[in-house]
Amino acid sequence: MTWAMKEKGYSQRRACGLVDIDPRVFRYRSTRGNDIAIRTRLKELASQRRRFGYRRLHILLRREGVEINWKKLYRLYREERLTVRKRGGRKRALGTRAPMTIPQGQNQRWSLDFVSDALVDGRRFRILCVVDDFSRECLTTVVDNSLSGERVGRELDRIALSIGYPCMVVSDNGTELTSNAILKWQQDHAVEWHYIAPGKPMQNGFVESFNGRLSDECSTNTSSPATATPGRLSKTGETTIT
């Protein structure tokens, strides 16, 4: 229509009639804001948590005091082309790119991880290990058949009742530790959570070292020789727990 009005000298009404639209549609100018600040922060968070979708990014924005409707956030998320690409295999959240701070005292940084094995009757169980990175003290070992994100949050709260909350928690990218329950726990208690890079257990070396010693101690009680694997209890020999 712009070409017809400029090059052919058509009136606005006649040009709109050629393409069968109302002139008011042609004259309409959007009053919607560009939301530059929200878009910028959304892209920064998406680059740090590259496997987080718009729902989890919405939680992170609300933690920072940004109040925005989730449907509007989804529109911005799509316009900025931040949709998580699908890939084969298990999906894991990438670790944050910000470097970890070095703990200078107790209760500044905790590391946690899971180890697993089977009872003599074949039932699987898991152990949640939490270690203080400065003192190398094991704060808790929780054994159960199932340890969800909500359960992990409750166990961390139980530890904090006696020694307080840490400044940072370090973990891998397991589904329990990237769940909405853990994101809410971080927000409620203002605790920074650092995810290590996938396939890099050495970035969580303190708790991995503890898990290795735990595997050695448990393997001494097995009925057959076993070779302990770091970060996982023995697979060749079964640990009998009563």
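Source: prediction; values computed, not measured. (Residues numbered from 1 in each chain as written. Predicted model: local features only at pLDDT ≥ 70, side-chain atom pairs only at ≥ 80, totals over all residues. Heavy atoms only, no water.)

**A word on the sheet that holds strand S2 (residues 124–132)**
For step 1, the next point in the chain: Taken together, five strands build an open sheet; the order of strands is S3-S2-S1-S4-S5 and the sheet is mixed. At either end of the open sheet lies a strand with only one pairing partner, and these are strand S3 (138–144) and strand S5 (192–195). Neighbour-to-neighbour, the strand axes of this sheet turn through a mean angle of 20°, independent of strand direction.
For step 2, the next point in the chain: Where S2 and S3 come together, six bridges link them in antiparallel fashion. Counterpart to Val131 in the pairing with S3 is Cys138.
For step 3, the next point in the chain: Relative to the sheet, helix H7 (residues 149–163) contacts strand S1 (109–118), S2, S3 and S5, its axis offset from that of S3 by approximately 145°. (Pairing = 2+ DSSP bridges. Helix = DSSP H or I, 4+ residues; strand = E, 2+ residues; numbered from the N terminus. Axes fitted to C-alpha atoms, helices over the stretch in contact; angles between N-to-C directions. Contact = heavy atoms within 4.5 Å.)

**Some remarks on unusual backbone geometry**
Glycine aside, a negative phi is what most residues show, and trans is what most peptide bonds show.
For step 1, the next point in the chain: If you check the backbone angles, Asp20 has positive phi at about 60° while not being a glycine.
For step 2, the next point in the chain: Counting through the fold element by element, Asp20 comes out in the loop between helix H2 (12–19) and helix H3 (23–27).
For step 3, the next point in the chain: Look at Arg136: it is not a glycine, yet its phi comes out positive at around 60°.
For step 4, the next point in the chain: Looking at where Arg136 falls in the secondary structure, it is placed in the loop between S2 and S3.
For step 5, the next point in the chain: Relative accessible area serves as the criterion here: at 48%, Arg136 is assigned to the partly exposed category. (Buried < 20%, exposed > 50% of the residue type's maximum accessible area, 1.4 Å probe, protein only.)

**A few points about the state of the cysteines**
For step 1, the next point in the chain: Going through the model one piece at a time under the given rule, you end up with zero disulfides.
For step 2, the next point in the chain: Lacking any disulfide linkage, Cys129 is separated from the closest cysteine sulfur, that of Cys138, by 5.8 Å. (Disulfide = S-S within 2.5 Å.)

**Considering the pattern of salt bridges**
For step 1, the next point in the chain: Taken as a whole and assessed by the stated rule, the structure comprises 15 salt bridges.
For step 2, the next point in the chain: When the shortest N-O distance is used, the salt bridge between Lys43 and Glu80 registers 3.7 Å. In this pair, Lys43 is assigned in helix H4 (residues 36–48) and Glu80 in the loop between helix H6 (70–79) and S1, connecting sequence segments 37 residues apart.
For step 3, the next point in the chain: A salt bridge links Asp188 to Lys184; its shortest N-O distance comes to 2.8 Å. Linking Asp188 with Lys184, this pair stays in helix H8 (residues 180–189), spanning four residues, or about one helical turn. (Salt bridge = Lys/Arg side-chain N within 4 Å of Asp/Glu carboxyl O.)

**Some remarks on the pairing of S5**
For step 1, the next point in the chain: Across four bridges, strand S4 (residues 168–171) lies against S5 in parallel orientation. Pairing of Val170 across the sheet is with His194, part of S5.
For step 2, the next point in the chain: Regarding topology, H8 serves as the crossover connection from S4 to the parallel S5, and that connection is right-handed. (Right-handed = clockwise from strand over helix to strand, strands pointing away.)

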